[in-house]
Amino acid sequence: MSPARRRATDSANTTEPTRLSPRGRVRRPTWRDPRLAGGVALIGAAVALGAWAVNAAADTEQIYVLAHDVAPGTDLAADGVLALVDSHPGTDAYVAAGELPQDAVATRSLQAGELLPSGAVGRAADVNLRSVMLTLASGLPTGTGAGAIVDLWALPATQATAQEPGTADVVARGLLIASVGETGSSLMGGTSVQVEVLVPEDAVADVLTAVGAAGPLVLVPTGQGQ
């Protein structure tokens, strides 16, 4: 082998192997890696949220809820008026199971599905309303029912004539419909309906006088209530 070729061979044998540049190396994750730290934080948040959801679901109590609409003076202890639901209201503004006062009545109109507010519960003796049953000469207007505020009018007892025209008179204002009962035929040829109204104590005498008179009775909605 010539000297020149020997030197070339020796040079090839002593060449160092090619090394990967620092950019080609695979780095092991460390606690300082922001991606790893973010993943750990997300896992911790998910665990905490799950624990909170379990505790919140367990921290409930039974609260009274209205099974149907009621008017002021309604006996809340009557069958079918109230039901119980599991809730966590986070406040003592609603009546919990077992805390309904004796002789409890609604002091204002309440709607079906509404949690029973403590401020809407009173005693029957504290509500200055009296229940009176009326037989109306005609049916109620569409959409008028329990909870509506109405005025009571008395129609003339006899059919009006040209010489002696009859006039309708208002008997009491601001009555509240507690319930609507059965319907039937009236003496005027129309449909009569039985309606329970709640009357302020100072207007009871006028209402009863109108009930005992011969003139038909009509309720006129005021657009309030319900």
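The structure presented is a predicted model; accordingly, all values stated were derived computationally and were not measured.

**Re the overall build of the protein**
Reasoning step 1: Tallying secondary structure elements over the protein gives three helices and nine strands in all.
Reasoning step 2: From first element to last, N terminus to C terminus, the protein shows the α and β order α-α-β-β-β-β-β-β-β-β-α-β.

**Digging into the environment of D69**
Reasoning step 1: Within the secondary structure, D69 sits in the loop between β1 (61-66) and β2 (82-87).
Reasoning step 2: Distance from D69 to S179, taken between C-alpha atoms, is 9.6 Å for residues 110 residues apart in sequence.
Reasoning step 3: Setting aside residues up to four positions removed in sequence, D69 forms contacts with L110, Q111 and A112.
Reasoning step 4: In this structure the side chain of D69 is engaged in a polar contact, spanning 2.7 Å, whose partner is the backbone nitrogen of A112.

**Description of the pattern of salt bridges**
Side chains that differ in charge, positive against negative, can pair when their charged atoms come close.
Reasoning step 1: Scanning all chains against the criterion turns up two salt bridges.
Reasoning step 2: The salt bridge involving R130 is made with E201; its shortest N-O contact spans 3.8 Å. Pair noted here: R130 is in strand β5 (residues 129-136) and E201 is in the loop between β8 (191-200) and α3 (204-212), with a separation of 71 residues, a long-range link.
Reasoning step 3: Between R173 and D151 there is a salt bridge, with its nearest N and O atoms 3.3 Å apart.

**Quick look at the environment of T167**
Reasoning step 1: Mapped onto the elements of the fold, T167 is located in the loop between β6 (148-154) and β7 (169-185).
Reasoning step 2: You can call T167 exposed: its relative accessible area is 52%.
Reasoning step 3: Each C-alpha atom, one on T167 and one on A157, is 9.5 Å from the other, the two residues being 10 residues apart in sequence.
Reasoning step 4: Apart from the residues lying within four places of it in its own chain, the contact partners of T167 are A154 and P156.

**Looking at the nonpolar core**
Reasoning step 1: By size, the foremost hydrophobic cluster in this structure holds 21 residues, and its most contacted members are L134, L152, V197, V199, V207 and L219.
Reasoning step 2: Apart from residues no more than four positions distant in its own chain, V197 is found in contact with R130, S131, V132, L134, L175, L176, I177, A178 and L219.
Reasoning step 3: Counting residues in each nonpolar core, the second largest holds 13 residues, with V81, A106, L116 and A120 among its members.

**What to know about unusual backbone geometry**
Reasoning step 1: Unusually for a residue other than glycine, D103 sits at a positive phi of about 55°.
Reasoning step 2: Tracing the backbone through its elements, the reader meets D103 in the loop between β2 and β3 (104-106).

**Points about α3**
Reasoning step 1: The set of residues buried in α3 consists of V204, V207 and A210. Around the axis of α3, the buried residues are gathered within 130° of arc, so they sit on the same side. Summarising the geometry of α3, the exposed residues directed more than 90 degrees from the buried face are A205, T209 and G212.

**Some thoughts on the environment of N128**
Reasoning step 1: You can see N128 is positioned in the loop between β4 (121-123) and β5.
Reasoning step 2: For the pair N128 and V199, spaced 71 residues apart in sequence, the C-alpha to C-alpha distance is 8.4 Å.
Reasoning step 3: Beyond its immediate stretch of four places on either side in the chain, N128 contacts V199, P200 and E201.

**Points about the confidence of the model for the protein**
Reasoning step 1: In the predicted model, the protein carries a mean pLDDT of 77, and 68% of its residues have values of at least 70.
Reasoning step 2: Confidence, expressed as mean pLDDT per element, reaches its minimum in the protein at helix α1 (residues 3-13) with 55 and its maximum at α3 with 94.

How each quantity is defined
- Residues numbered from 1 in each chain as written.
- Predicted model: local features only at pLDDT ≥ 70, side-chain atom pairs only at ≥ 80, totals over all residues.
- Heavy atoms only, no water.
- Helix = DSSP H or I, 4+ residues; strand = E, 2+ residues; numbered from the N terminus.
- Contact = heavy atoms within 4.5 Å.
- Polar contact = N/O pair within 3.5 Å; in protein donor to acceptor, adjacent residues only side chain to side chain.
- Salt bridge = Lys/Arg side-chain N within 4 Å of Asp/Glu carboxyl O.
- Buried < 20%, exposed > 50% of the residue type's maximum accessible area, 1.4 Å probe, protein only.
- Core = buried A, V, L, I, M, F, W, Y, C linked by side-chain atoms within 4.5 Å.
- Arc of directions from axis to C-beta.
- pLDDT = per-residue confidence, 0-100.

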